[in-house]
Amino acid sequence: MSLIPEIKPQQSLELLKELHILTRDGKINQDTRRKLKQVYHLYQFIEPLMQDVLHSKGDVTLADHGAGKSYLGFILYDLFLKDKEAGRVFGIETRPELVSRSEELAARLGFDRMGFLNLTVEQSITSEQLPAQVDIITALHACNTATDDAIRFALAKDAKYIVLVPCCQAEVAAVLRQKKNETFGKTPLSELWRHPIHTREFGSQLTNVLRCLQLEARGYQLTVTELVGWEHSMKNELIIAKKTGKGKQSARERQEAILRELNLEDLRERFVY
């Protein structure tokens, strides 16, 4: 059992050392304590989803987009899948050196049902290296349009669950800014983004609203909540989507109406498909 109270008793200390969350002599500093707290907080949301899929079909496949050093994938595997006979975790990452490092670490720890792919999210949609159906998709701090690519991947793979923490959403704000003068004459709502700081914040908020409507239109039920306390991260929105069945036509209609009202129809292909 760990002598550090934050660390779960079943957690591999060797893994935490390899991920540089613990030092070689088993100590933890404030920065890595914060990182571990974030990953454990996410684990609390994702573990029940993995349990649900595993219980219903006897297997579970999770793909983590923009995996980076695969902190989340490794900890999910270590805490949930390591002692089970089924289940697989894929880390999808564009930086080849991080993919190689993760492959080496998984081999060293005997995590043989982890796979790492050097692909963009867009490439992963058609890659034969991934199964035709993936149960759970995660995309954490996926910058700008990478979150939308992950949604496209999840829809293509008929995912039961999607877990998103969006980040750095600049595209909608850029279009709002570009068409600001034109929009002023169309709607008083343009006051919501008249000032640059409001343009940025409103653009980020609007991006996630359009994403949520897109998922509802495609048959998902949404939970939108806070990831962790504001003292840890300003990019703090957590979106969890569960496939429930037929899509909502009203969600699609609201998407279209928002794009028209706010003069954002140039972005229709990004959000409506």
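Definitions and limits used
- Residues numbered from 1 in each chain as written.
- Predicted model: local features only at pLDDT ≥ 70, side-chain atom pairs only at ≥ 80, totals over all residues.
- Heavy atoms only, no water.
- Core = buried A, V, L, I, M, F, W, Y, C linked by side-chain atoms within 4.5 Å.
- Buried < 20%, exposed > 50% of the residue type's maximum accessible area, 1.4 Å probe, protein only.
- Helix = DSSP H or I, 4+ residues; strand = E, 2+ residues; numbered from the N terminus.
- Domains from an automatic or database assignment.
- Contact = heavy atoms within 4.5 Å.
- 1 Å grid on protein atoms, 1.4 Å probe; cavity = no way out; pocket = protein on both sides within 12 Å on 5 of 7 lines; lining within 4 Å.
- Points joined across faces, edges and corners; volume = space filled by probe spheres on them.
- Nonpolar A, V, L, I, M, F, W, Y, C, P; charged D, E, K, R; others polar.

In the nomenclature of an unreviewed UniProt entry, the chain corresponds to SAM-dependent methyltransferase from the organism Aquitalea magnusonii.

Quick notes on the nonpolar core
Here is a general trend for soluble globular proteins: nonpolar side chains tend to be buried in one another's company. Ranked by size, the top nonpolar core spans 44 residues in total, and within it Phe74 and Ile75 carry the most contacts. When contributions to this core are tallied by element, the ones reaching two or more residues are helix H1 (13-18), helix H2 (30-57), helix H3 (71-81), helix H4 (96-109), strand E3 (114-118), strand E4 (136-143), strand E5 (161-167) and strand E7 (237-243). Counting residues per element, this core draws most heavily on H2, which supplies 10 residues. The residues that make up this core include at least three from each of domain 1 (35-161) and domain 2 (166-272). Apart from residues no more than four positions distant in its own chain, Phe74 is found in contact with Leu15, Leu19, Lys69, Ser102, Leu105, Ala106, Phe111, Met114 and Phe116. Counting 24 residues, the second largest nonpolar core, distinct from the first, contains Val134, Ala159, Leu164 and Ile239.

Quick word on the layout of surface pockets
Its volume calculated, the largest pocket comes out at about 610 Å³. Every residue lining the largest pocket is counted, 27 residues in all, and those nearest its centre are Gly66, Ala67, Gly68, Leu140 and His141. When contributions to the lining of the largest pocket are tallied by element, the ones reaching two or more residues are H2, strand E1 (61-65), H3, strand E2 (88-93) and E4.

Some details on unusual backbone geometry
The backbone phi angle of His20 is positive, close to 65°, even though this residue is not glycine. In this fold, His20 is placed in the loop between H1 and H2. Despite not being glycine, Asp158 shows a phi value in the positive range, around 55°. With respect to the helices and strands, Asp158 occurs in the loop between helix H6 (146-156) and E5.

Details of empty space enclosed by the protein
Inspection of every chain in the model, using the stated rule, returns 1 cavity of 30 Å³ or more. Computed from the structure, the largest cavity encloses a volume of approximately 40 Å³. Around the largest cavity, the lining residues are Asp148, Ile151, Leu210, Arg211, Gln214, Arg270, Phe271 and Tyr273. In terms of residue count, helix H9 (residues 196-217) provides more of the lining of the largest cavity than any other element does, 3 residues in total. Looking at the lining of the largest cavity, its residues break down into 4 nonpolar, 1 polar and 3 charged.

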